[in-house]
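Spelled out, the chains give:
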Amino acid sequence: MPSPVPAGASRHTGGCLQPVLLRGRADYIDGGTGELIHRYTTVHEPGGVLPIACKTRRVSRCPPCAEIYRADTYQLIRAGLTGGKGILATVADHPCVFVTLTAPSFSPVHARREKDGRVLACRPRRKGKTCPHGIGLSCGEKHSRDDQRLGEPLCPDCYDYAGAVLFNACAPELWRRFTITLRRTLARQTGLTGKALDAQIRVSYAKVAEYQRRGVVHFHAIIRLDGPAGPADAPPAWVTVALLTAAIDQAARAVSVTTPAAPGLPARALTWGRQLDIRLITASGDMTDTKVAGYVAKYATKAAECTGTLDRRITPADRLADLPVRDHARRHIAVCLRLGKLPQLKELRLAAWAHMLGFRGHFSTKSRAYSVTLGSLRADRTAHQREYAIAAGLQPDLDPGTTLIVTDWHYSGRGDPPGADLPPLRGGQPCPGS
Ligand SMILES: [Zn+2]
Ligand SMILES: [Zn+2]
Ligand SMILES: [Zn+2]
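Since the structure is predicted, the reported quantities are computational estimates derived from the model, not experimental observations. (Residues numbered from 1 in each chain as written. Chains lettered and ligands numbered in written order. Predicted model: local features only at pLDDT ≥ 70, side-chain atom pairs only at ≥ 80, totals over all residues. Heavy atoms only, no water.)

(A) Spatial organisation of the pattern of salt bridges. Scanning the model with the defined rule gives 20 salt bridges in all. A salt bridge links Arg-331 to Asp-327; its shortest N-O distance comes to 3.2 Å. Of the two residues, Arg-331 and Asp-327 are both situated in helix H6 (residues 327–339); the distance of four residues between them amounts to about one turn of the helix. Residue Asp-327 is classed as partly exposed on the basis of its relative accessible area of 42%. One salt-bridge network, in which partners are shared between bridges, spans Arg-25, Asp-27 and Arg-39. (Salt bridge = Lys/Arg side-chain N within 4 Å of Asp/Glu carboxyl O. Helix = DSSP H or I, 4+ residues; strand = E, 2+ residues; numbered from the N terminus. Buried < 20%, exposed > 50% of the residue type's maximum accessible area, 1.4 Å probe, protein only.)

(B) A look at the environment of Arg-349. Here Arg-349 shows up in the loop between H6 and strand S12 (364–366). As a C-alpha pair, Arg-349 and Arg-386 span 37 residues in sequence and 43 Å in three-dimensional space. In contact with Arg-349, other than residues within four places in its own chain, are Arg-313 and Arg-360. (Contact = heavy atoms within 4.5 Å.)

(C) How the structure looks around the packing of helix H2 (residues 161–190) against H6. Packing of H2 against H6 brings their axes to within 9 Å, and their N-to-C directions diverge by 75 degrees. Overall, the two elements H2 and H6 adopt an arrangement that is roughly perpendicular. Along the contact surface, H2 presents Tyr-161, Ala-162, Ala-164, Val-165 and Leu-166, while H6 presents His-328, Arg-331, His-332, Val-335, Cys-336 and Leu-339. Each residue belonging to the contact of H2 with H6 can be placed in one class, and the counts come to eight nonpolar, two polar and one charged. (Axes fitted to C-alpha atoms, helices over the stretch in contact; angles between N-to-C directions. Parallel < 35°, antiparallel > 145°, perpendicular 65-115°, else oblique. Nonpolar A, V, L, I, M, F, W, Y, C, P; charged D, E, K, R; others polar.)

(D) Structural detail: the coordination of the zinc ion (ligand 3). For the zinc ion (ligand 3), the full set of protein donor atoms is Cys-131 (SG), His-133 (ND1), Cys-155 (SG) and Cys-158 (SG), and the range of their distances to it is 2.0 to 2.3 Å. For the zinc ion (ligand 3), the four donor atoms in the first shell make angles of 103 to 116 degrees at the metal, so the coordination geometry reads as tetrahedral. Between consecutive donor residues of the zinc ion (ligand 3), the sequence gaps follow C-x1-H-x21-C-x2-C. With relative accessibility at 43%, the residue His-133 sits in the partly exposed group. (Donors = N, O, S within 2.8 Å, 3.2 Å for Na, K, Ca; no water. Tetrahedral: all angles 85-135°; square planar, octahedral: opposite > 155°, others 65-115°.)

(E) Structural context of the coordination of the zinc ion (ligand 1). Taken together, Cys-16 (SG), Cys-54 (SG), Cys-62 (SG) and Cys-65 (SG) make up the protein donors of the zinc ion (ligand 1), found 2.3 Å from the metal. Taken together, the four donor atoms coordinating the zinc ion (ligand 1) span angles of 106 to 113 degrees at the metal, a pattern that classifies the geometry as tetrahedral. Within one chain, the residues donating to the zinc ion (ligand 1) are spaced in sequence as C-x37-C-x7-C-x2-C. Here the residue Cys-54 occupies a position in the loop between strand S3 (50–52) and helix H1 (63–82), and Cys-65 occupies one in helix H1, the gap between them amounting to eleven residues. No difference in accessibility class separates Cys-54 from Cys-65, as the two residues are buried.

(F) Fine view of the packing of aromatic side chains. Evaluation of the coordinates by the stated rule reveals 14 aromatic pairs. Ring geometry for Trp-175 versus Phe-178: centroids 5.3 Å apart, planes at 45 degrees, classification tilted. Highlighted residues: Trp-175 and Phe-178, both in helix H2, separated by three residues, approximately one helical turn. Ring centres of Tyr-295 and Tyr-299 lie 6.4 Å apart, and the angle between their planes is 5 degrees; this geometry places the pair in the stacked category. Of this pair, Tyr-295 and Tyr-299 both sit in helix H5 (residues 289–299), separated by four residues, roughly a single helical turn. (Phe/Tyr/Trp six-rings, centres within 6.5 Å; stacked < 30°, edge-to-face > 60°.)

(G) Spotlight on the side chain of His-218. Considering the arrangement of structural elements, one finds His-218 in strand S8 (residues 217–226). According to the relative accessible area criterion, His-218 is buried, its value standing at 8%. A polar side-chain atom of His-218 sits 2.8 Å from a polar atom in the side chain of Glu-210. Within the structure, the side chain of His-218 is placed 3.3 Å from the side chain of Gln-212, a separation counted as a polar contact. Residues contacting His-218, with those up to four places away along its chain left out, are Thr-100, Leu-101, Thr-102, Ala-103, Val-208, Ala-209, Glu-210 and Gln-212. (Polar contact = N/O pair within 3.5 Å; in protein donor to acceptor, adjacent residues only side chain to side chain.)

Right, dumping it as structure tokens:
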């Protein structure tokens, strides 16, 4: 149940397109005397209901709420890089890099390649080479940015869809193993035991998943080394960016996750792709704190639907052939549904996450000491709105220490989005802001 909602809160849904509608009331009672000091009821709201913002992070569902999520994520990511929001500015002196961990190749796909601002051919000629299905293995086109074929395989029948969905399903575990291996590698490189390392260094990170057009996730992460107490604590002087970079490189290349074997599907070891990008975050140039925070915040509000799949679960009533998705996504979904029936792969829950092409992880995660939390940013905003409501006479100014608030709320449906006449955002269309 929501916390007590101030009268006039309907002004604070921030333009939500699919608000939750509540019916009910909040009684403000004097804790000493038991006297009812103030009552808020939805009876006087338009339609007798109070709309509450849906607070989704997904831009395909509710752009105004996703924008609030994006802005908050930007603030907390940036605070972890340069300070602010209660984080000391000295955090900017700690060794910190921006890492991109990619997926391996599952067969050639159409790609836009650029070099020095010039667009290059997608896959230059390889004389007469064809796949077993008779499809040429070269593509001489210089694809435009909005080419629908980008990310699609040259030959769909050669594409390793099982490998792609298994990678998506195992990517969160691969990340978890990477973070553990990174700590061990740092210990080995510095000649410390794990325990001695923990007493001197704390590894903090913030990571975000991004769907590539080919339908696999990759991760972008800010990885920072602090002293043991976190962002306010400087690491020892011998802890350098070079040390961090070398440890990330080794750890990323060392980890793998082996999937269970099943009839017709041998066990396979999944690793990160060869393309590992580690960049220094600097005050000026390509990778500034504002750019990095902007990237992370942008990807935190997007999901699989940006690769042309669905943004909802697939139900038994759905017919695969009728789903409004592109063929590349349909093939991923079909493989998820097929492999999801194998008892050996039960734990990957591939059928339940077929609409996400197998990925069931969180889009944006942070280690505990990376920065402030989204919750604390939201609490600040709520306090600010409360002050505003009191100043505007919309809410009584009661002492929170002695006032009891008794609420009785009932869910009353979803609000009609303003502008229900807008075209729906469906799979296959470019996502807003992409
Ligand atoms: Zn919303
Ligand atoms: Zn091509
Ligand atoms: Zn083929």
